[in-house]
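Examination of the molecular architecture
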Amino acid sequence: MKKQVLFLSLMLILIVGVLSACGSNKDSNNTTASANSDKSTAANASPSAANTVVEQTPEPVKPSEPIKVKIGVSGTDGETWPLLKKKAKEQLNVEIELIEFSDYTLPNLALANKEVDVNSFQHLAFLSQFNIEHNLNIVPIGSTVVSPLGLYSKKYKNVSEIPDGAQIAIPNDPANQGRGLLVLQAAGLLKLKDNVGLYGTTDDIVDNPHKLKIVTVVAQQTPRVLPDVAASIINGGIAGQAGLKLSDAIFHDDPLSETTRPYLNVFATRLEDKDNETYRAIAKLYQDPEIIESVKKDSNGGSVVIDVPAETLQGELDKLQSEIKVAQK
């Protein structure tokens, strides 16, 4: 009897041990499966997470600070300059400050002294003479307009009506004085010596049949002296600012002829800045259709916007400066 009880006790212990081992294996399997499941989930999640990183939109780049450019000019009346300032800000993020000068000799000196970055008031004939006289190296970076040079009068409607001994006003700067005298010659009022070139003076008059008195004044003053003289030679741009139309002139030259190529107006800067992308972009902006229309309106049709490459302008300037140097020898 005792042996039977002992045998049953041993069997019961054995069964409990086997069941415990099975349970342990089952838990181990479940743990492994859970771990494998977690790995699988992590593995499946990784591509999605990677894609999320790749597809993130980069933060927008903040706009750079506006570039400030000072431009020397001889007049700011009309719509053209305000319109150019507006377009430069919108399209180039450039803030233009216009520095106005009342005398033609000042904008180039201000440019040479770095008081302005660019100027726009002169044609190539004026620039070439100024460079030589002041030993400067100011260069064109873009063309703007060519303006006819006209003879205007508030007293007479025809050149033939100008009386003997009358006063005629012309600009006093070398380039425009020379051009003004050529206009008076073309109008039949006087005769200059042969081969006088672009920079003639009153000393080059060889025949003055009407005994006209030629009075030289600052270019900006040429419209203002009209009440005091028989007639005045006035540049197209200045005439437009004064409310004069080209049709008001009793005589003018042809702005589109080859002889007026030296009178192309330009944007100019210092030699070291000739390749400045911002300055060149401003010059190019002058060819915008809206700018062209505003120039036409401001000048009463007296100025024509011309697009000439900077390299061509420089070639013309070099030619003019060479001619001046030869004439001075």
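Before going into details, it helps to say that this report is about the structure given with it.

Each value, and the rule that gives it
Residues numbered from 1 in each chain as written. Predicted model: local features only at pLDDT ≥ 70, side-chain atom pairs only at ≥ 80, totals over all residues. Heavy atoms only, no water. Helix = DSSP H or I, 4+ residues; strand = E, 2+ residues; numbered from the N terminus. Buried < 20%, exposed > 50% of the residue type's maximum accessible area, 1.4 Å probe, protein only. Contact = heavy atoms within 4.5 Å. Areas by Shrake-Rupley, 256 points an atom, 1.4 Å probe, with all protein chains shown as cover. Core = buried A, V, L, I, M, F, W, Y, C linked by side-chain atoms within 4.5 Å. Axes fitted to C-alpha atoms, helices over the stretch in contact; angles between N-to-C directions. Parallel < 35°, antiparallel > 145°, perpendicular 65-115°, else oblique. Left-handed = near helix turned anticlockwise from the far one by under 90°. Nonpolar A, V, L, I, M, F, W, Y, C, P; charged D, E, K, R; others polar. Salt bridge = Lys/Arg side-chain N within 4 Å of Asp/Glu carboxyl O. Pairing = 2+ DSSP bridges. Expected span 1.5 Å × (residues − 1). Phe/Tyr/Trp six-rings, centres within 6.5 Å; stacked < 30°, edge-to-face > 60°.

This part covers the overall build of the protein. If you tally the helices and strands in the protein, you get nine helices and 13 strands. Evaluated residue by residue, the protein yields a buried proportion of 42% over its 329 residues. Considering only intrachain contacts with a sequence separation of at least 6, the fraction spanning at least 24 residues in the protein is 77%. Summed over all atoms, the accessible surface of the protein reaches about 18300 Å², with 53% contributed by carbon and sulfur.

It is worth spelling out the nonpolar core at this point. Counting residues in hydrophobic clusters, the biggest one holds 32 residues, and the most contacted among them are L124, Y152, I234 and L264. For this core, the elements supplying multiple residues, two or more each, are α3 (106-112), α4 (124-134), β4 (138-146), α6 (236-241), β12 (264-270) and α9 (310-328). The residues contacting L124, other than those within four sequence positions of it, are P140, R261, P262, L264, V266, L313, E316, L317 and L320.

Before going further, it helps to spend a moment on the packing of helix α2 (residues 80-92) against helix α7 (residues 277-285). A packed helix pair is summarised by two numbers, namely the angle formed by the two axes and the spacing between the axes. Following both chains from N to C, one finds α2 and α7 inclined at 125°, their axes separated by 10 Å at the closest point. Relative to α7, the element α2 is oriented oblique. Between α2 and α7 lies a crossing of right-handed hand. Note on element contacts: α7 touches α2 through A281, I282 and L285, opposite L84, K87, A88, Q91 and L92. Class assignment for the residues of the contact of α2 with α7 results in six nonpolar, one polar and one charged.

A few words on the pattern of salt bridges. Between side chains of opposite charge, a pair can form when the charged atoms approach closely. Across all of its chains, the model carries twelve salt bridges by this definition. Overlapping salt bridges bring together K274, D275, R280 and E311 as one network.

This paragraph deals with the sheet that holds strand β10 (residues 231-235). On the basis of which strands lie adjacent, the open sheet formed by five strands has the order β9-β6-β10-β5-β11 and mixed pairing. Looking at strand neighbours, the two that pair on one side only are β9 (213-217) and β11 (251-252), the edges of this open sheet. In terms of strand pairing, strand β6 (residues 167-171) meets β9 through five bridges, oriented parallel. What sits directly across from I168, in β9, is I214. Sheet strands touched by helix α5 (residues 174-186): β5 (149-152), β6, β9, β10 and β11. Its angle to β6, the strand with the most contacts, is close to 140°.

Moving on to α5. An ideal rise of 1.5 Å per residue puts 18 Å on 13 residues; α5 measures up with 18 Å between its terminal C-alpha atoms. Phi turns positive one or two residues past the end of α5, at G188, with a value near 85°.

A separate point is the packing of aromatic side chains. Applying the stated criterion across every chain yields a total of seven aromatic pairs. A centroid spacing of 6.2 Å and a plane angle of 90° characterise the contact between W81 and F267, whose relative ring orientation is edge-to-face. With W81 in helix α2 and F267 in strand β12, this residue pair connects regions lying 186 residues apart in the sequence. Since its relative accessible area comes to 9%, W81 is described here as buried.

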